[in-house]
Amino acid sequence: MTMTTASVVRRAHDGVVDADPADRPRRRSFTAEYKARILDEYDAIPAGSEGRGALLRREGLYTSHLAEWRKARDAGVRGRS
């Protein structure tokens with residue numbers, strides 16, 4: 001979040017700056033189709049290959065995302081998270 005002088009002044013109350021709830025970061029959500037596509041694409045790349053890391057960087061993901069998505073897939077859960 002970038003705060004400009006104008007936004008700070010606009011929100012200043014008695015010397016205290018309150019963050020505007022609209023400026024708060026929002027958690028990303030992923031569709032089941034997206035998760036399945038990324039898992040398939042990741043698994044198609046050979047283990048130890050630089051391509052796996054490139055995929056994660058391109059999509060802005062972490063291996064923990066894939067681990068959670070695999071657990072959900074293996075448990076038969078479909079939906080958004």
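The sections below set out a description of the structure shown in this document.

Conventions we followed
- Residues numbered from 1 in each chain as written.
- Predicted model: local features only at pLDDT ≥ 70, side-chain atom pairs only at ≥ 80, totals over all residues.
- Heavy atoms only, no water.
- Helix = DSSP H or I, 4+ residues; strand = E, 2+ residues; numbered from the N terminus.
- Buried < 20%, exposed > 50% of the residue type's maximum accessible area, 1.4 Å probe, protein only.
- Polar contact = N/O pair within 3.5 Å; in protein donor to acceptor, adjacent residues only side chain to side chain.
- Axes fitted to C-alpha atoms, helices over the stretch in contact; angles between N-to-C directions.
- Parallel < 35°, antiparallel > 145°, perpendicular 65-115°, else oblique.
- Left-handed = near helix turned anticlockwise from the far one by under 90°.
- Contact = heavy atoms within 4.5 Å.
- Nonpolar A, V, L, I, M, F, W, Y, C, P; charged D, E, K, R; others polar.
- Salt bridge = Lys/Arg side-chain N within 4 Å of Asp/Glu carboxyl O.

This brings us to the side chain of Glu-59. Within the secondary structure, Glu-59 sits in helix 3 (residues 50-59). On the basis of relative accessible area, Glu-59 is assigned to the buried category, the value being 19%. Of note is the side chain of Glu-59, whose polar atom sits 2.6 Å from the side chain of Tyr-34.

What follows concerns the packing of helix 2 (residues 32-44) against helix 3. At a minimum axis separation of 9 Å, helix 2 and helix 3 run at an interaxial angle of 155°. Relative to helix 3, the element helix 2 lies roughly antiparallel. Where helix 2 crosses over helix 3, the two elements pack in a sense that is right-handed. Only Arg-52, Leu-55, Leu-56, Arg-58 and Glu-59 of helix 3 make contact with helix 2, whose side of the interface consists of Tyr-34, Ile-38, Glu-41, Tyr-42 and Asp-43. In terms of residue class, the contact of helix 2 with helix 3 is made up of five nonpolar, no polar and five charged.

Attention now goes to the pattern of salt bridges. By the definition in use, this model includes six salt bridges. Lys-71 serves as the salt-bridge partner of Glu-68, at 3.2 Å between the closest nitrogen and oxygen. Of this pair, Glu-68 and Lys-71 both sit in helix 4 (residues 63-74), three residues apart, roughly one helical turn. Taken together, the shared-partner salt bridges in this structure form one network comprising Arg-37, Glu-41, Arg-58 and Glu-59.

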